[in-house]
Amino acid sequence: MNATKLFQYVALLAIALVAGCASSQSTSNESYSNILVLAIADDYGSRAQYERSVASGLRRLGVAATPYHEAVSGSGDISRERARALIDEKGFDAVLVTQVRHSDSKVDVQQDSAAVKVTRKNDRPVDFFRYDYEELDEPGEMNLLAEASLDTDLHRATDGESVWTYTWSSKSAENVGILIDDASDSLVRRMNRENVVGN
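Everything quoted here is computed from the prediction, not taken from an experiment.

Student: Requested: an account of the overall build of the protein, with residues and values cited.
Tutor: The number of helices and strands found in the protein is five helices and eight strands. Listing the helices and strands of the protein from first to last along the sequence gives α-β-β-α-β-α-α-β-β-β-β-β-α. Within the protein, contacts between residues separated by at least 24 positions form 69% of all contacts whose residues are at least 6 apart in sequence. Total accessible area computed for the protein in this model is approximately 12600 Å², and 50% of it derives from carbon and sulfur atoms.

Next up, the structure:
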């Protein structure tokens, strides 16, 4: 293997490790253009942010995409009956369902040494004790590290059959918002690359 090929291989491996891991599988060669985007998670805010982010990415590709929480006006729980009613009412040709398989977050605290505040007492030229020293006990730096694994299934609206699956696992991110953006961007890119969506 020559040096150029080795460099390319190492670069691709590094990108894969930084971006997280992902895999997909398709049982159909159909392409979908009007998608209901649904996320299943304990936290409504994270679920809504993920649905909006995926739908926005799909719209940039020219695909009609609607977040579930917007379709139901932000109310209520997720149910198969409500999704079926939305499919009939809005004419969706597919439903994209993402659920959290695993999530974890840790807080990492780095303790810093105490800072010192120096204040001059007076303006006399000779004074051995002309400064007051006050030690400030400030907290160290706190970092949140979030990780997640997501499973996504694309279901054909006509019969509910799963036609495409996608599994994504992250590396540590600084916050949940970054994790959601990374996951949704990765999903939309993969759907586009594999011609799962089209206008």
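Student: Quick rundown of the side chain of asparagine 34? Include the residues and the values.
Tutor: Mapped onto the elements of the fold, asparagine 34 is located in strand β2 (residues 34–40). Judged by relative accessible area, asparagine 34 falls into the buried class, the value being 19%. For asparagine 34, the side chain forms a polar contact with the main-chain oxygen of glycine 91, separated by 3.1 Å. Not counting residues up to four positions away in its chain, the partners in contact with asparagine 34 are Val63, Ala64, Lys90, Gly91, Phe92, Asp93 and Ala94.

Student: How would you sum up the packing of helix α2 (residues 44–60) against helix α5 (residues 176–193)? Please name residues and give values.
Tutor: Between two packed helices, both the angle of their axes relative to each other and the distance between the axes serve to describe the pair. Relative to each other, α2 and α5 sit at 35 degrees, their axes nearing to 9 Å. The two elements α2 and α5 cross, and the hand of that crossing is right-handed. Taken together, the residues of α5 that come into contact with α2 (itself represented by Ser46, Gln49, Tyr50, Ser53, Val54, Gly57 and Leu58) are Val176, Gly177, Ile180, Asp181, Ala183, Ser184, Leu187, Val188 and Met191. Among the residues making up the contact of α2 with α5, the classes are represented as nine nonpolar, six polar and one charged.

Student: Describe the packing of aromatic side chains, with residues and values.
Tutor: In this structure the tally under the stated criterion is one aromatic pair. Arranged with centres 5.7 Å apart and planes meeting at 5 degrees, the rings of tryptophan 164 and tyrosine 166 form a pair that is stacked. A relative accessible area of 1% means that tryptophan 164 is categorised as buried.

Student: Explain the environment of valine 100 to me, using residue names and the numbers behind them.
Tutor: On the secondary structure map, valine 100 appears in strand β4 (residues 94–110). Overall, the relative accessible area of 39% leaves valine 100 in the partly exposed class. In this structure the C-alpha to C-alpha distance between valine 100 and aspartate 42, which are 58 residues apart in sequence, comes to 8.9 Å. Each residue touching valine 100, except ones within four places of it in the same chain, is listed here: Ile40, Ala41, Ser149 and Leu150.

What counts, and at which threshold
Residues numbered from 1 in each chain as written. Predicted model: local features only at pLDDT ≥ 70, side-chain atom pairs only at ≥ 80, totals over all residues. Heavy atoms only, no water. Helix = DSSP H or I, 4+ residues; strand = E, 2+ residues; numbered from the N terminus. Contact = heavy atoms within 4.5 Å. Areas by Shrake-Rupley, 256 points an atom, 1.4 Å probe, with all protein chains shown as cover. Buried < 20%, exposed > 50% of the residue type's maximum accessible area, 1.4 Å probe, protein only. Polar contact = N/O pair within 3.5 Å; in protein donor to acceptor, adjacent residues only side chain to side chain. Axes fitted to C-alpha atoms, helices over the stretch in contact; angles between N-to-C directions. Left-handed = near helix turned anticlockwise from the far one by under 90°. Nonpolar A, V, L, I, M, F, W, Y, C, P; charged D, E, K, R; others polar. Phe/Tyr/Trp six-rings, centres within 6.5 Å; stacked < 30°, edge-to-face > 60°.

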